[in-house]
Amino acid sequence: MRRVLSFFREIDRTSRAVRRDGFDRARSVAFVLAFIASPFVVWEMQERVVVRERQDLMFIRVFRMSESGEVKAQRVDADDLNGPWAVFMPMAEVTLVERSEWRGWPLTTAHTFEPTELDVRLVAGCPPQELGQVKLAASRLVERSGLSSAAAVSQTHVAAWIFSAGIWWMLLSLAAAMVLVPIKLVVTLSRRTRNAVRQSRIDRCHCPNCDYDAKQSILMGRCPECGSELYERPDRS
Ligand SMILES: [Zn+2]
């Protein structure tokens, strides 16, 4: 144990102290703020980014038997939709539709399935007053199929929420760092330039502040022109 401690003390003693300037602190603050903000961003994305989908669950043809006059509904495959009507008096093509909403970015954090509905297209020549009978026949068939649902189903994805918050945390921190880097570059460059100018004036026994030739008053230590110190140490950059 003692050896371990002295080992770390040795590392601590021989390693150079890391100087943290204002920019490093700003980045740390941005990192923490991004962590706090990320759930709110995920929530906002869930409100704003909505993808609506329509899924056709079932295709139905409604027709009237020519002899009995009975209205009947028959399920057809999607491939057969463009095929000829094998039966007597076509009335309507009906689709059982399920609409859904997918919310959130970059991951889907919530989705909703709305109650299924019937999308009815009457065949040309079928009088509109037959619509009621068409719907009745189609909904009976749908009920038997068990594919329909009367209630909306909503679901929140917890894992997607956590992952999305993590992604936003990283993105916001990265954005803050990318804003800070050019500012830091400009500040460092201007400080270096300023130091170089002042150092060259000091080297020539001029006042670092106003460039007054101070060879005569070097012993006074102060510039007779502007009163600033002649031997000031330049800022460290
Ligand atoms: Zn001066």
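First, a word on what this report is: a plain description of the structure on this page. Here the structure is a predicted model, which is why all the values come from computation and not from measurement. (Residues numbered from 1 in each chain as written. Predicted model: local features only at pLDDT ≥ 70, side-chain atom pairs only at ≥ 80, totals over all residues. Heavy atoms only, no water.)

Take the coordination of the zinc ion next. Of the protein atoms, only Cys 207 (SG), Cys 210 (SG), Cys 223 (SG) and Cys 226 (SG) coordinate the zinc ion, at distances of 2.2 to 2.4 Å. Coordination at the zinc ion comes from 4 donor atoms whose angles at the metal span 105 to 114°, giving a geometry best classed as tetrahedral. Here the donor residues of the zinc ion are spaced in sequence according to C-x2-C-x12-C-x2-C. Exposure remark for Cys 207: the relative accessible area of 0% places this residue in the buried category. (Donors = N, O, S within 2.8 Å, 3.2 Å for Na, K, Ca; no water. Tetrahedral: all angles 85-135°; square planar, octahedral: opposite > 155°, others 65-115°. Buried < 20%, exposed > 50% of the residue type's maximum accessible area, 1.4 Å probe, protein only.)

Quick look at the pattern of salt bridges now. Counted under the stated rule, the structure contains 16 salt bridges. With a shortest N-O distance of 2.9 Å, Arg 99 and Glu 117 are connected by a salt bridge. Here Glu 117 lies in strand S5 (residues 117-122) and Arg 99 lies in strand S3 (residues 89-103), a separation of 18 residues in the sequence. Here Lys 215 makes a salt bridge to Asp 213, at a shortest N to O gap of 3.9 Å. Take Lys 215: its relative accessible area is 47%, and that puts it in the partly exposed class. When salt bridges that share partners are traced, they join Arg 54, Asp 56, Arg 61, Glu 93, Asp 119 and Arg 121 into one network. (Salt bridge = Lys/Arg side-chain N within 4 Å of Asp/Glu carboxyl O. Helix = DSSP H or I, 4+ residues; strand = E, 2+ residues; numbered from the N terminus.)

Inspection of the secondary structure assignment puts Lys 184 in helix H4 (residues 158-203). Considering only alpha carbons, one finds Lys 184 and Asp 24, 160 residues apart in sequence, at a separation of 9.8 Å.

Turning our attention to helix H3 (residues 131-145). Taking 1.5 Å per residue as the helical rise, H3 with its 15 residues ought to reach 21 Å, and the 21 Å between its terminal C-alpha atoms agrees with that figure. Those residues of H3 not exposed but buried are Val 134, Ala 137, Ala 138, Leu 141 and Val 142. All buried residues of H3 project into a common sector of 135° when viewed along the axis, lining one side. Away from its buried face by more than 90 degrees, H3 exposes Glu 143 and Arg 144. Summarising the contacts, the buried residues of H3 are in contact with strand S1 (50-64), strand S2 (71-76), S3 and S5. Two residues or fewer after H3 comes Gly 146, characterised by a positive phi angle close to 80°. (Expected span 1.5 Å × (residues − 1). Arc of directions from axis to C-beta. Contact = heavy atoms within 4.5 Å.)

Right, let's get into the environment of Val 49. Position of Val 49 relative to the elements: it lies in the loop between helix H2 (22-48) and S1. On the basis of relative accessible area, Val 49 is assigned to the partly exposed category, the value being 25%. Sequence separation between Val 49 and Arg 194 is 145 residues; the distance between their C-alpha atoms is 49 Å.

A general feature of soluble globular proteins is that nonpolar side chains tend to end up buried together. In this structure, Met 58, Ile 60, Val 62, Met 91, Val 94 and Val 134 are the most contacted members of the largest nonpolar core, which totals 14 residues. Looking at this core, the elements with two or more residues in it are S1, S3 and H3. Leaving out residues up to four positions away in the same chain, Val 94 has contacts with Met 58, Phe 59, Ile 60, Val 62, Leu 118, Asp 119, Val 120, Val 134 and Ala 138. Counting residues in each nonpolar core, the second largest holds 5 residues, with Val 41, Val 42, Met 45 and Ala 165 among its members. (Core = buried A, V, L, I, M, F, W, Y, C linked by side-chain atoms within 4.5 Å.)

The next point concerns the side chain of Arg 61. For Arg 61, the location among the structural elements is in strand S1. Beyond its immediate chain neighbours, meaning those up to four positions away, Arg 61 contacts Lys 72, Ala 73, Gln 74, Val 76, Asp 80, Leu 81, Asn 82, Gly 83, Pro 84, Trp 85, Ala 92 and Glu 93.

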